[in-house]
Amino acid sequence: MSGLQGVGLLLLWGSACLWLPGLTRGALIISGTSEALQDTGGAARSLQKRSTNELTVEVYSVTVDCTVTSRFAHTVMTSKALNKANRSQEIFFEVDLPKTAFITNFSMEIEGQVYVGEVKEKEKAKKQYEKAVSSGQTAGLVKVSGRKMEKFSVSVNIAAKSNVTFVLTYEELLQRKLGQYEILTRVKPKQPVQDFQIVTNIYEPQGIAFVETHANFLSNELLPLVEKTVTDKKAHISFSPTLDQQRKCRGCDETIIDGDFIIKYDVNRAHGLGDIQIVNGYFVHFFAPPDLPRVPKNVVFVIDRSGSMSGHKMHQTREALQAILKDLHEEDHFALIAFDHANEVWRESLTKATKGNLSEALSYVSNIYSRGSTNINDAMLRGVNMLIKDREEKRLPERSIDMIILLTDGNPDGGKASLPVIQRNVRTATGGNMTVFCLGFGNDVDYPFLDVMSRENKGIARRIFEGSDATLQLQGFYDEVASPLLLEVDLRYPDNAVDFLTTNHFNHLFNGSEIVVAGRLTDNDLDNFMIEVYGQGFEEDFNVQAQASAVDWDVIYPGEEYIFGDFTERLWAYLTIQQLLDKSKTGTSDEKANTTAKALDMSLLYSFVTPLTSMVVTKPETEDGPESPLIADKLTEEQRQLEERMAKHRYIPSQAHPVMNYLPPTQYVDGDPHFMIELPDREDALCFNINDKPGTIFNLVRDPTSGILVNGQIIGDKKIPPDGKINTYFWRFGIVHKTLGVRLEVTTEDIWVLQDGKQVKLLWSDTAGLKGPNVDLLLTKDRSLTVTLRDSVKFVILLHKVWKSHPYHRDYLGFYTLDSHLLSPSVHGLLGQFYHGIEFEVSELRPGEVPEKPDATMFVKGQELNVTRGWQRDFRGDVKNGENIPCWFIHSNGTGLLDGTFTDYIVSGLFKTV
């Protein structure tokens, strides 16, 4: 890549952002840009620092121009820069855009030559993508950027004394939530820019009810610079600070502008039919009538209380549920089901939301605690049956909506039903008469499973991100669906007047939302364009008929008619593609294929980058020859979740001081035997192997304060393999809790439990659950044993079964620790010593023996170690194949990382401490 011979720069905005530190040979972009360069040039390049004095690029213009026409937003982001150096430089351009938007155009103008991205079918772009990856180039231009945004990035080599202009265009239909529309622009210029401006024009023929603007970087000095002009049907908002006004301090090069610039607005609403816009042969119909009485709801809350919900997630769930219960209206009915491997109902039928009932329910919720596994199937069917029974016995209002709200954080693992079977069971049980909303908590949840189950039952799924605001996220979702206004809404149009209609039947209209229907007119004769809207209301049906009429845009907006062009057609195309993509997730295989094909054709026709298409950006040739094209894809929610999971373990080089990890890490040993120390605060992991003769017993955990002891014995292969290397694995564990009087022996063959002088034997061929005053056991057949010690740590032991006739390998066990932060500071052992984190620093990244596994220097416990970037497998989600987790591998049996040497942890017996 020719940029290795010049200076690496990053333009990042719109996110408006530009990174200016002078760098040589793909050196590290400081202050958070390491990821960008790492992706471009590899890990070995990313730690070569250089002085930042050579600021030889001038970014002289960063602009955001957004035009909203009847909710359809068209945004153009432009950045211009001049390379003032006497040599070429690599410049990175990055933009954050809403995840609901479709990119429609990207271009680069360099030395008068314009390079335009081309939207192609994703499969046809795949070969170019693979070529880019294999050549070491940055192939994926779109990445996750927080919860609401995704990041578009591209780099290009700019010759000396040359200009470059980047232009990105994207479009989206603004969605009305909680009574308002939101336009979000993320701006991060990182330094003052000569021409910096954000301009938004909103055109709403219905009339504008209000416009609000705010940004988390707007100080008292900057606030007056936001110019806002609002008339009856148009709003103009602009923000254009000067160079000095952008500076954090007088004369410095830091900017105060860093964050989200947000515009919120709503339109006037008339009783009756709603608003209809007709332009150039296409129409769009907005329906959200005001002042409708709410329809009572009958809601069953199905709450996951399995072991993985322990700690902060369970606390936040209780908080959110208590707030939601307090917001129920007295005419609503509700029920509570808490589930793990079994389910528990608060009351056997739904209860009216009176003050007394709510008080008792709040008390029940405050005592929901985590335990067990995740049997979603039985819990959901229990909720469905409660609604059916109460309907049959006429305990619920006739005109009311039945809904189930499921909150879970993991994959179903506590029942016998597979995911498709659970979906089919719920779909069959509801019979299309209920609405199912699924909330997936955290990154481990199976979101596609929840998404399909919701869509098949008239609902939607929503991800709840782990964080301090998870309670607010849960409450926010509930607020969106808390007040149904109409059920079974039909918007009807003359058959002979329209075709290619988007969805015109909706299961419900909630307060604060909006129904949008678009279509193509078969002719322009509007004399017979009668529209009817029908829906089921609280006390009576809603039924309105009216004649549609076209708005004369030239009269409403004189002199600006050129702005509107084909917006109704593009709005119709955007909405159609979104709905086709949603439909492609359910139905038969033929239905999915046909729907996908239609969505692909329309994406290509209207040049939208959707999950089915890619934008191919051809970069200009350099002195080294042509560079590989770059590919911009659209991320699905599943892909976003996967990328977030990977980011959790992505290595970001430390550039200053060592970091102490305060979040509770997860530690485990599995395989041959591979020890893994996950460090969530560092978004990284450490790993090492222990090699010793078969039969050796190691102490894994010893907590003298709580009385917990865990030892494990290794076993070798049946005979020496052809390569001469004997593999060893853990095959037997001894677990003791002296304070509670609990003792377990777990082998690859059976499980012995001793408590209070009573002994119980379990076989791996069983599925069983044992509950005691001091310990809970959950055994999943031929898969896992979960051991939950009262008010303390939880262990998961996985069984790896090997083909009995295998010439060398045997069955073996894996040992995983959860909630290790509950143990005392005195805990120790091969795993226990890491339960409260470890302080370390990694630097000097360099090529290793294997190209994809670079070496580095680790400073830990006062020592300097040579470590290697590798990975180990986590088998909790997939016992057969596991998931590769990146980690820093410490050689020589963990020497330098462990306290002492590994032989210090050898004990004489399975329940011995010495």
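See the structure above.
Note that the structure is predicted; figures quoted are calculated from it, not measured.

Cut-off values and rules
- Residues numbered from 1 in each chain as written.
- Predicted model: local features only at pLDDT ≥ 70, side-chain atom pairs only at ≥ 80, totals over all residues.
- Heavy atoms only, no water.
- Pairing = 2+ DSSP bridges.
- Helix = DSSP H or I, 4+ residues; strand = E, 2+ residues; numbered from the N terminus.
- Axes fitted to C-alpha atoms, helices over the stretch in contact; angles between N-to-C directions.
- Disulfide = S-S within 2.5 Å.
- Buried < 20%, exposed > 50% of the residue type's maximum accessible area, 1.4 Å probe, protein only.
- Phe/Tyr/Trp six-rings, centres within 6.5 Å; stacked < 30°, edge-to-face > 60°.
- Lys NZ or Arg CZ within 6 Å of the ring centre and 35° of its normal.
- Expected span 1.5 Å × (residues − 1).
- Contact = heavy atoms within 4.5 Å.
- Parallel < 35°, antiparallel > 145°, perpendicular 65-115°, else oblique.
- Nonpolar A, V, L, I, M, F, W, Y, C, P; charged D, E, K, R; others polar.
- Polar contact = N/O pair within 3.5 Å; in protein donor to acceptor, adjacent residues only side chain to side chain.

## Focus on the sheet that holds strand 31 (residues 530-536)
The pairing of strands in a sheet happens through backbone hydrogen bonds and is either parallel or antiparallel.
Argument step 1. Spatially, the four strands line up as an open sheet ordered 29-27-31-32, and their pairing is antiparallel. Of all strands in the sheet, those bounded by a partner on one side alone are strand 29 (505-510) and strand 32 (541-547). Going across the sheet, the axis of each strand differs from the next one's by a mean of 25°, ignoring polarity.
Argument step 2. Two strands pair when backbone bridges link them, and strand 31 and strand 32 are joined in this way by seven bridges, in the antiparallel orientation. Across the sheet, tyrosine 534 pairs through a bridge with asparagine 543, a residue of strand 32.

## Side note on the state of the cysteines
Argument step 1. One pass over the full model with this rule turns up two disulfides.
Argument step 2. The disulfide that involves cysteine 687 links it to cysteine 887, with 2.2 Å between the sulfurs. Its S-S torsion of about 75° marks the bond between cysteine 687 and cysteine 887 as right-handed, since a negative value means left-handed. Here cysteine 887 lies in strand 52 (residues 883-890) and cysteine 687 lies in strand 37 (residues 684-689), a separation of 200 residues in the sequence. A single burial state applies to cysteine 687 and to cysteine 887, both of which are buried.
Argument step 3. By sequence order of its bonded cysteines, the protein chain has the disulfide arrangement 1-2, 3-4.

## Quick notes on the packing of aromatic side chains
Argument step 1. Taken as a whole and judged by the stated rule, the model has 33 aromatic pairs.
Argument step 2. Between the aromatic rings of phenylalanine 217 and phenylalanine 239, the centroid separation amounts to 6.1 Å while the plane-to-plane angle is 40°, which identifies the pairing as tilted. A residue pair is termed long-range when its members are at least 10 positions apart, and phenylalanine 217 in the loop between strand 14 (208-215) and strand 15 (226-230) and phenylalanine 239 in strand 16 (residues 234-239) qualify at 22 residues. For the pair formed by phenylalanine 217 and phenylalanine 239, the shared burial category is buried.
Argument step 3. Here tyrosine 282 and tryptophan 572 contribute two aromatic rings whose centre-to-centre distance is 5.2 Å and whose plane-to-plane angle is 40°, an arrangement assigned as tilted. Highlighted residues: tyrosine 282 in strand 19 (residues 282-287) and tryptophan 572 in helix 11 (residues 567-583), separated in sequence by 290 residues.
Argument step 4. With relative accessibility at 9%, the residue tyrosine 282 sits in the buried group.
Argument step 5. The ring of phenylalanine 286 has arginine 71 lying over it, and the distance from NZ or CZ to the ring centre is 3.8 Å.
Argument step 6. Residue placement shows lysine 313 over the ring face of phenylalanine 441; its charged tip is 6.0 Å from the ring centre.

## Observations concerning helix 12 (residues 589-605)
Argument step 1. For helix 12, built from 17 residues, the straight-helix expectation of 24 Å at 1.5 Å per residue is met to within 8% by its first-to-last C-alpha distance of 24 Å.
Argument step 2. Listed as buried for helix 12 are Thr595, Ala599, Leu600, Met602 and Ser603.
Argument step 3. For helix 12, the elements touching its buried residues are strand 8 (118-121), helix 11 and strand 33 (613-617).
Argument step 4. Two residues or fewer past helix 12, serine 607 is found with a positive phi of approximately 55°.

## Re the packing of helix 4 (residues 312-326) against helix 5 (residues 355-365)
Argument step 1. For the pair helix 4 and helix 5, interaxial distance at closest approach is 10 Å and the crossing angle is 175°. Relative to helix 5, helix 4 is oriented roughly antiparallel. For the pair helix 4 and helix 5, contact is made by Arg318, Leu321, Gln322, Leu325 and Lys326 and by Leu358, Ala361, Leu362 and Val365, respectively.
Argument step 2. Considered class by class, the residues forming the contact of helix 4 with helix 5 number six nonpolar, one polar and two charged.

## Regarding the side chain of threonine 613
Argument step 1. Here threonine 613 is to be found in strand 33.
Argument step 2. For threonine 613, the side chain forms a polar contact with the main-chain oxygen of phenylalanine 608, separated by 2.8 Å.
Argument step 3. Among the polar contacts made by the side chain of threonine 613, one reaches the main-chain amide nitrogen of threonine 610 at a distance of 2.8 Å.
Argument step 4. In contact with threonine 613, other than residues within four places in its own chain, are Val119, Lys120, Glu121, Lys122, Leu600, Ser603, Leu604, Phe608, Ala632, Asp633 and Lys634.

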